[in-house]
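Now for the letters of each chain:
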Amino acid sequence: MSEIGKAGRVMLIVLSLVVGCIVVALGILLVLSPGHPSPLRDKSGKVLAASISEKVHVEINGSQQGMFIKSSNPSNPVLLFLHGGMGMPEYFLSMKYPTGLEDYMTVVWWDRRGAGLSYDPGAPPDTLSIEQYVADTLAVTNHLRARFHKDKIYLMAHSGGTLIGLQAAAQAPELYHAYIGVGQMTHQLKSEVLAYEYMLSRYREAGNVSMVRQLQAAPPTMTAPLPAAYMRLRDKAMHELGVGTTRDMKSVMTGVFLASWLCPDYTLMEKLNIWRGKFSSDARLWDKVIAMDLTKMITTLDVPTYFFHGKYDYTVSYPETKAYLGLLRVTVKGFYTFDQSAHSPMFEEPSKVREIMANDVFTGTNALADRL
């Protein structure tokens, strides 16, 4: 056999192996993607008779939108959760980081317009806007009020979702018992600069010359858009320091990307749509969102307001958020520091979240809150 023939045979073998690996990987992903949430069970493993564990799609302002609903008892108070990012669902993270909220609340994990279960590749781009998200939030709220026969529900928002949740609560406070902002954003451009200064200092202290050089070459600015070089480095730098999504998550690839593909409650196509939705939503909205300054947009709220913030959160500035709540005019408010958390206290310290919800949020008080 000629050398050319041998080389061709080797290439064919390599190609066959690659194709085989892809087929096997897809097969494994299909097995891991039945797309049906498991029922809620008691400690003995029996399905809770009155419980809800479902994935549903509802028409919201002309768009089919999906949500997971979990509840040990549908007569419990309803909690609508607004996920972070512009289009990054977080339900799949509850597989590794269970919140336990469904034990005493009806928890609705809504994938917003353009995200995950609600991703529509044919949707007009101009339907992805903060104003539309706020309108959708109010429509989903009214849908849940009607379905579960509640005059009011609780609204919990995380990270990027807090820009939407706070505006929804301000527009229609009569719909909500309380607003809970987790990693509440205020003015993200300022937060990015503060995070950059912190990370640069930490990496200098650690003697990480390579990361220091990379950060110095890509400083953020106080104008949008942020430099592309900074955005490429940002998540990696934060997570390696334990100040990103969670304190123990050192890599977005394993902690978020891989976790999304392993969640059995999404189908394979829905998992693909998580990432299609994230990238398309970020591309359209991120630059607008980071320039928004809620401290100037909303100064008064007519609903009890609670902020949960991780001590190690540099994704969203802890001191800026605390200062904002101090200035916010509202009848009842509480700021709660989570000493073992970064950006996601509801996943990192769920027992403390449940304690605050039961003792302060449900009673409309703030006995457990920090001093502002």
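For the structure itself, consult the block above.
Residues numbered from 1 in each chain as written. Predicted model: local features only at pLDDT ≥ 70, side-chain atom pairs only at ≥ 80, totals over all residues. Heavy atoms only, no water.

1. Some words on the environment of Tyr306
Then step 1. Its place among the elements puts Tyr306 in strand 7 (residues 305–310).
Then step 2. Along the primary structure Tyr306 and Ile356 are separated by 50 residues, whereas in three dimensions their C-alpha atoms are 9.7 Å apart.
Then step 3. Setting aside residues up to four positions removed in sequence, Tyr306 forms contacts with Ala178, Tyr179, Ile180, Gly181, Val332, Gly334, Tyr336, Asp360, Val361, Gly364 and Thr365.
Then step 4. There is a polar contact of 2.9 Å between the side chain of Tyr306 and the backbone oxygen of Thr365. (Helix = DSSP H or I, 4+ residues; strand = E, 2+ residues; numbered from the N terminus. Contact = heavy atoms within 4.5 Å. Polar contact = N/O pair within 3.5 Å; in protein donor to acceptor, adjacent residues only side chain to side chain.)

2. Focus: empty space enclosed by the protein
Then step 1. Inspection of every chain in the model, using the stated rule, returns 1 cavity of 30 Å³ or more.
Then step 2. Considering only enclosed or pocket space, the largest cavity measures out at about 30 Å³ in volume.
Then step 3. If you go around the largest cavity, the residues you meet are Leu79, Phe81, Thr99, Leu101, Val107, Trp109 and Met346.
Then step 4. Of all the secondary-structure elements, those providing two or more residues to the lining of the largest cavity are strand 3 (78–82) and strand 4 (106–110).
Then step 5. Residues of the lining of the largest cavity, tallied by class, amount to 6 nonpolar, 1 polar and no charged. (1 Å grid on protein atoms, 1.4 Å probe; cavity = no way out; pocket = protein on both sides within 12 Å on 5 of 7 lines; lining within 4 Å. Points joined across faces, edges and corners; volume = space filled by probe spheres on them. Nonpolar A, V, L, I, M, F, W, Y, C, P; charged D, E, K, R; others polar.)

3. Some remarks on the packing of aromatic side chains
Then step 1. Counting across every chain of the model gives 19 aromatic pairs.
Then step 2. Ring geometry for Tyr196 against Tyr230: centres 6.4 Å apart, planes inclined by 70°, an arrangement best described as edge-to-face. A residue pair is termed long-range when its members are at least 10 positions apart, and Tyr196 in helix 4 (residues 188–206) and Tyr230 in helix 6 (residues 228–240) qualify at 34 residues.
Then step 3. Through a chain of ring-to-ring contacts, the aromatic side chains of Phe68, Phe81, Tyr91, Tyr97, Trp109, Tyr266 and Phe347 assemble into a single cluster.
Then step 4. Its end group placed over the ring of Tyr133, Arg112 keeps NZ or CZ at 5.2 Å from the ring centre.
Then step 5. For the cation-ring pair, Arg247 lies above Tyr312, with the distance from its terminal atom to the ring centre recorded as 3.6 Å. (Phe/Tyr/Trp six-rings, centres within 6.5 Å; stacked < 30°, edge-to-face > 60°. Lys NZ or Arg CZ within 6 Å of the ring centre and 35° of its normal.)

4. Quick notes on the layout of surface pockets
Then step 1. The space that makes up the largest pocket amounts to roughly 940 Å³.
Then step 2. Along the wall of the largest pocket there are 35 residues; nearest its centre are Met88, Arg234, Asp235, Lys278 and Asp282.
Then step 3. Of all the secondary structure elements, the ones that give two or more residues to the lining of the largest pocket are helix 6, helix 7 (252–262) and helix 8 (268–291).
Then step 4. Tallying contributions element by element places helix 6 first for the lining of the largest pocket, with 7 residues.
Then step 5. Across the lining of the largest pocket, the residue classes break down as 17 nonpolar, 11 polar and 7 charged.

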